[in-house]
Amino acid sequence: MNPRLSRRAARLTSSLIRDILQVTQRPGVISFAGGLPAQELMPAPDFTGLTEDCRQYGPSEGEPALRSLTALNLSSLGLTCGADQLLVTSGSQQGIDLLG
């Protein structure tokens, strides 16, 4: 084991985000810091009319239909590209991670 890494690991502390989210789990706490909507205000998902595999993971580059429609939309804006040139991310953090 590398002693340099061991000393660094000994200095690690909890992240601020983790601490904030931990507080939100306490009964009676309403947090405006974590960006968490009230559970009772979130609609239940309606899977009516969707295929059985709709809850499974899809292709890592994004759903083919969404990529095709996005390419079509971009083409209408003058940015010609094909669906095979697009990557749909699950959010900005994934995009930043892939760029890094």
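Residues numbered from 1 in each chain as written. Predicted model: local features only at pLDDT ≥ 70, side-chain atom pairs only at ≥ 80, totals over all residues. Heavy atoms only, no water.

**Observations regarding the overall build of the chain**
Counting its secondary structure elements, the chain contains four helices and zero strands. Each helix and strand of the chain, ordered N terminal to C terminal, gives the series α-α-α-α. Taken over C-alpha atoms, the radius of gyration comes to 21 Å for the chain, far larger than the 13 Å a tight globule of 100 residues would show. Considering only C-alpha atoms, the chain reaches an extent of 50 × 45 × 30 Å along its principal axes. Buried residues in the chain amount to 7% of all 100 residues. If you take every contact in the chain between residues at least 6 apart in sequence, the share linking residues at least 24 apart comes to 18%. Within the chain, one finds 8 positive and 9 negative side-chain charges whose respective centroids are separated by 23 Å. (Helix = DSSP H or I, 4+ residues; strand = E, 2+ residues; numbered from the N terminus. Rg over C-alpha atoms; globule rule 2.2 N^0.38 Å. Buried < 20%, exposed > 50% of the residue type's maximum accessible area, 1.4 Å probe, protein only. Contact = heavy atoms within 4.5 Å. Lys, Arg positive; Asp, Glu negative; His and termini not counted. Charge placed at Lys NZ, Arg CZ, Asp CG, Glu CD.)

**What to know about the side chain of Thr24**
By the secondary structure assignment, Thr24 is in helix H2 (residues 16–24). Within polar-contact distance, the side chain of Thr24 engages the side chain of Gln25 at 3.3 Å. Once residues lying within four places of it in the same chain are set aside, the contact partners of Thr24 are Val29, Ser31 and Leu36. (Polar contact = N/O pair within 3.5 Å; in protein donor to acceptor, adjacent residues only side chain to side chain.)

**Details of the confidence of the model for the chain**
For the chain, the average pLDDT comes to 84, and 94% of its residues sit at 70 or higher. Within the chain, no element has a lower average pLDDT than helix H1 (residues 3–10), which sits at 70, and none a higher one than helix H3 (residues 64–76), at 94. (pLDDT = per-residue confidence, 0-100.)

**Examining H3**
Under the 1.5 Å per step criterion, the end-to-end length of H3 is 19 Å for 13 residues, consistent within 8% with the ideal 18 Å. Just beyond H3, the residue with positive phi is Gly78, at close to 90°. (Expected span 1.5 Å × (residues − 1).)

**Some remarks on the environment of Asp46**
Turning to its location among the elements, Asp46 is positioned in the loop between H2 and H3. With a relative accessible area of 59%, Asp46 lands in the exposed category.

**Structural notes on the side chain of Arg67**
Relative to the helices and strands, Arg67 is located in helix H3. Buried within the structure, Arg67 lacks any salt-bridge partner; its nearest side chain of opposite charge belongs to Glu61, at an N-O separation of 4.0 Å. (Salt bridge = Lys/Arg side-chain N within 4 Å of Asp/Glu carboxyl O.)

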